[in-house]
Amino acid sequence: MKVMAQLAMVMNLDKCIGCHTCSVTCKQAWTNRSGTEYVWFNNVETRPGVGYPRTYEDQERWRGGWMRDKKGRLRLRDGGRISKLLRIFANPKLPSIGDYYEPWTYDYENLTSAPLGDTFPTAAPRSQISGEPMKIEWGVNWDDNLAGSTETLRDDPVLKKVSDEVKLQLEETFMFYLPRICEHCLNPSCVASCPSGAMYKRSEDGIVLVDQDRCRGWRMCVSGCPYKKVYFNHKTGKAEKCTMCYPRMEIGLPTICSETCVGRLRYLGLMLYDADRVLEAASVERDTDLYQAQCRVFLDPNDPTVIAAARAEGISDEWIQAAQRSPIYALINKYKVALPLHPEYRTMPMVWYIPPLSPVVNAVSRDGHDGEDLGNLFGALEALRIPMQYLAELFTAGDTATVEQVLRRLAAMRSYMRDINLGRETQPHIPHSVGMTEEEIYEMYRLLAIAKYEERYVIPTAYAPQARDLEQMAGCSLDGDGGPGMYEDGPVPVSVEAFHAMRPRSQVNLLTWNGQDVPSEMFPQEQKQ
């Protein structure tokens, strides 16, 4: 047993309102350089929908992720070394700018410089690539809220896997939002696809990064990633991707998308796993067994054997304690309500999702019934097989039984907590019907509904003795043209917002203020004349 640590995320889709605040703040912090106009490390998709880039889930077309051969061995779907060498200078398995979208701006100057006339001047869209006037035909959230669904839904790769009845009725019964970032997989196909070795997975916390100095722009990582969360910066000729905001995480701050999330739907924490069992789990024969296989890879951080093995691998007691308090472990292995996105890609993703129950509740309430009654909810889950098929294709490789079990637990939690909120006697048979105790279902409710900041984000810090010194650093290479560069020497600089807050000494960044010490800049003294 080789114990390793992995920083992971869980998102509660019941809470996502599709406001795109996470996307905007991520883009402002990480992709505000030339060449990244079309890059969205974090995007929010409406489901059903074709996603971003368009139809990224169609692996018959894009050839991302892993596949299991007849001998039970994992092979890159995009081909091995020889195949990559033959097309290293011309890689056809790449989304085009049309699959992303041609970035544009508006001709604002025309508003002020247009000659006098009878009509008001307009700010027409102009391409940020060619500078020429253009017609906007696609965008990163073009099918937001099922906009234009009659034209786009037929191209949804997940919808093509379910029945014709689903295709006709799904839009009327079910819609939800799916935020996406890099999965920071345990078995990343992007790392295996990189010919230059620029893509790597950090051994200390499992975050997948790109060494900008070693990247040669082959773009095989873009092809290899089945989630299409690796982007190519045409200005620098380098690959870029979500960094899990590691400068923030190393000083105990959550990712910028988590920090600014309006619905508070994101959870961050540490998972301990057995690295020796990752390949075995990713190689199981049936796709529907991949979810359970990955759960078995995760280790119980309270097990004395695991603790001893973790210490032997150099994992500190602080990190072990963080793993014991991790909301990620609780949601995945204890309460069993979080599921991986597309486990059939066999990359062992580490950004998991709690499937949405709200559309089921709304469907019951819409017919005039009690939307939180246990009998009504369980009956609706049986009746509304349509959305369950779709959810199963997203999170369990088509296994509807697992999705149903998760939804039943979420439904039981709602019904059980309603009695408490109304001051009535609890019904112990409700949690027992889904294999949980009353204490467990109440703890799950607290974590999902009213968890405090420190309960949602349990992040062990790196460079703890130097944390205060890091905030005083005078330089940050994140501002350079090379983008979010990876560092070879010295400590990793502090988060971008803390860095910028420290440069002008007359400002105070309340986002990173510890709430205890009073900075001298908070109440500036009047300057004497």
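All of the points below concern the structure found in this document. What you see is a predicted model; the values in this text were computed from it and never measured.

### Focus: the packing of aromatic side chains
For any pair of aromatic rings, geometry is given as the distance between the ring centres together with the angle between the planes. Applying the stated criterion to the full structure yields 16 aromatic pairs. Relative to F395, the ring of Y353 has its centre 5.8 Å away and its plane inclined at 35 degrees; by these criteria the two rings are tilted. Note that Y353 is positioned in strand β14 (residues 351-354) and F395 in helix α19 (residues 385-395), a separation of 42 residues in sequence. Neither residue differs from the other here; Y353 and F395 are each classed as buried. Taken together, Y38, F41, Y52, Y100, Y101, W104 and Y231 form an aromatic cluster joined through their ring pairs. Of note, R54 hangs over the ring of W138, and the distance from its end group to the ring centre comes to 4.2 Å. Note that R180 overlies the ring of Y56, its terminal NZ or CZ placed 3.8 Å from the centroid.

### Points about the environment of R214
Within the secondary structure, R214 sits in the loop between β9 (208-210) and α9 (220-224). Separated by 16 residues in sequence, R214 and A198 have C-alpha atoms that sit 5.0 Å apart. Not counting residues within four places of it along the chain, the set of residues in contact with R214 comprises S196, G197 and A198.

### Side note on the pairing of strand β1 (residues 3-12)
With 10 of 10 residues buried, β1 is to be regarded as a mostly interior element. Side-chain alternation along β1 places V3, A5, L7, M9 and M11 on one buried face and M4, Q6, A8, V10 and N12 on a second face that is also buried. Relative to strand β12 (residues 266-274), β1 runs antiparallel, the two being bridged by nine bridges. By the bridge assignment for β12, Q6 is matched with M271. Note that β1 and β14 share four bridges and pair parallel. Across the sheet, N12 pairs through a bridge with I354, a residue of β14.

### Focus on helix α15 (residues 317-324)
All buried positions along α15 are accounted for by W319, I320, A322 and A323. Down the axis of α15, the buried set is contained in an arc of 160 degrees. They therefore lie on one face. Residues of α15 that are buried in the fold lie against β1, β12, α14 (304-312) and α16 (327-334).

### Focus: the sheet that holds β1
In space, the four strands of this open sheet follow the order β12-β1-β14-β13, with mixed pairing throughout. Two strands bound the open sheet, and with one partner strand each, they are β12 and β13 (339-340).

### Quick word on the nonpolar core
In terms of nonpolar packing, the biggest core is built from 136 residues, with V10, L331, I332 and F395 touching the most fellow members. Per element, the largest residue contribution to this core is nine residues, and it comes from helix α20 (residues 400-421). Every residue in contact with V10, bar those within four places of it in the chain, is listed here: L265, R266, Y267, I328, L331, I332, A338, W352 and I354.

### Here's the deal with empty space enclosed by the protein
The full count for this structure, using the stated rule, is four cavities of 30 Å³ or more. Of the volumes computed, that of the largest cavity is approximately 120 Å³. Looking at the lining of the largest cavity, its residues break down into 10 nonpolar, three polar and three charged.

Definitions and cut-offs
- Residues numbered from 1 in each chain as written.
- Predicted model: local features only at pLDDT ≥ 70, side-chain atom pairs only at ≥ 80, totals over all residues.
- Heavy atoms only, no water.
- Phe/Tyr/Trp six-rings, centres within 6.5 Å; stacked < 30°, edge-to-face > 60°.
- Helix = DSSP H or I, 4+ residues; strand = E, 2+ residues; numbered from the N terminus.
- Buried < 20%, exposed > 50% of the residue type's maximum accessible area, 1.4 Å probe, protein only.
- Lys NZ or Arg CZ within 6 Å of the ring centre and 35° of its normal.
- Contact = heavy atoms within 4.5 Å.
- Pairing = 2+ DSSP bridges.
- Arc of directions from axis to C-beta.
- Core = buried A, V, L, I, M, F, W, Y, C linked by side-chain atoms within 4.5 Å.
- 1 Å grid on protein atoms, 1.4 Å probe; cavity = no way out; pocket = protein on both sides within 12 Å on 5 of 7 lines; lining within 4 Å.
- Points joined across faces, edges and corners; volume = space filled by probe spheres on them.
- Nonpolar A, V, L, I, M, F, W, Y, C, P; charged D, E, K, R; others polar.

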